[in-house]
Amino acid sequence: MTLRLAWFTAGRGAGSRGMFERAVAAIADGSLDAEIAVVFLQRERGEGEGSDAFMDRAAALGIPVETLSARRFRAEHGGAFTTQVRAAYDAQVWAQVAPHQPQVGVLAGYLLIMSPALTRSLPFVNLHPALPDGPVGLWQKVIAQLMAEGAHETGSTVFRVTEELDRGPSLAYTRVGLRGTAFDALWADQAAHQPADEGGALFDAIRAAGVRREPELLVQTLRALADGRMDIEGRSGALDLTTQVEAALEGRS
């Protein structure tokens, strides 16, 4: 049965656009039995060139677009996203999204913390730029910790969103090695010249390796959900999709 998706995004960056375009391509070529039933953006027209372009792209594909400005909503309700304001915002979001009858929500560059009521209304998946047992926090913090530890591998994980922030069960992951021809000289240069928390070529290379794989990991995860090979609750454990991700990337290179 075709999986109906609600795609949640701020639509402002190349990374979130890349995940969307990869899913659109997989749906179009028949490798992903899914439909993007609605795109929801936390921005309205005029709030950013990136989000405006995202809305135009979705509309051109014939995908319904729903928007609700988080910035405006927050300003109209005292200027802060308190627990009560967040709940009220998400209630309006769900009122706009629910009529499109999605089965799974995808967070791809969505910059808001969701209220418990919304996470219970629809199963959502999100990406974390580390392995299931890897560092937590924003991607910048993750990479800094990997560098400080001299890590030999990292990866990305798709997890089920729950009321516990970034603590939902892992559904699938992909691994990437951080040693060998592409990385050894960068590690040596980093050790000689720069602390782990100040960026540099190694920092950028680790980030690029993750960004390259994240759209494919998301598509492979959605495919496993659509095919019934994965439990959205994560009860069957996380799938290692490294082989599938690398094969897909190799096939498109």
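Everything here concerns the structure above.
Everything numeric here is computed off the predicted structure, so don't read it as measured data.

Rules used in this analysis
- Residues numbered from 1 in each chain as written.
- Predicted model: local features only at pLDDT ≥ 70, side-chain atom pairs only at ≥ 80, totals over all residues.
- Heavy atoms only, no water.
- Helix = DSSP H or I, 4+ residues; strand = E, 2+ residues; numbered from the N terminus.
- Buried < 20%, exposed > 50% of the residue type's maximum accessible area, 1.4 Å probe, protein only.
- Pairing = 2+ DSSP bridges.
- Right-handed = clockwise from strand over helix to strand, strands pointing away.
- Expected span 1.5 Å × (residues − 1).
- Arc of directions from axis to C-beta.
- Contact = heavy atoms within 4.5 Å.
- Core = buried A, V, L, I, M, F, W, Y, C linked by side-chain atoms within 4.5 Å.

1. Side note on unusual backbone geometry
In this structure, Q101 is a non-glycine residue whose phi angle is positive, near 55°. Turning to its location among the elements, Q101 is positioned in the loop between α4 (83–97) and β4 (104–107). On the basis of relative accessibility, which here comes to 58%, the residue Q101 falls in the exposed class.

2. What about the pairing of strand β5 (residues 124–128)?
Taking burial as the measure, the five residues of β5 include five buried ones, the bulk of the element. Of the two faces of β5, the one holding F124, N126 and H128 and the one holding V125 and L127 are both buried throughout. Summarising the sheet, β4 and β5 pair through two bridges and their orientation is parallel. The residue of β5 that forms the bridge with V106 is V125. One crossover worth recording links β4 to the parallel β5 by way of helix α5 (residues 116–121), and it is right-handed. As judged from the four bridges shared by β5 and strand β6 (residues 153–160), these two strands associate in the antiparallel manner. Each residue of the ladder has a partner; that of N126, found in β6, is F159.

3. Notes on α4
Note: α-helices contain 3.6 residues per turn, so residues at a spacing of three or four share the same orientation. Taking 1.5 Å as the rise per residue, α4 with 15 residues should run 21 Å; its terminal C-alpha atoms sit 21 Å apart, in good agreement. Every buried residue of α4 is listed here: V85, R86, Y89, D90, V93, Q96 and V97. One side of α4 carries all its buried residues, which in axial view fall inside an arc of 125°. Those residues of α4 that are exposed and angled more than 90 degrees off the buried face are T83 and Q84. In this structure, the buried residues of α4 make contact with β1 (3–9), β2 (34–41), β3 (65–67), α3 (70–76) and α5.

4. Some words on the nonpolar core
Core analysis: the biggest nonpolar cluster contains 37 residues, and W7, F20 and V39 have the highest contact counts within it. Counting 21 residues, the second-largest nonpolar core is a separate cluster that includes F8, L68, F81 and V97.

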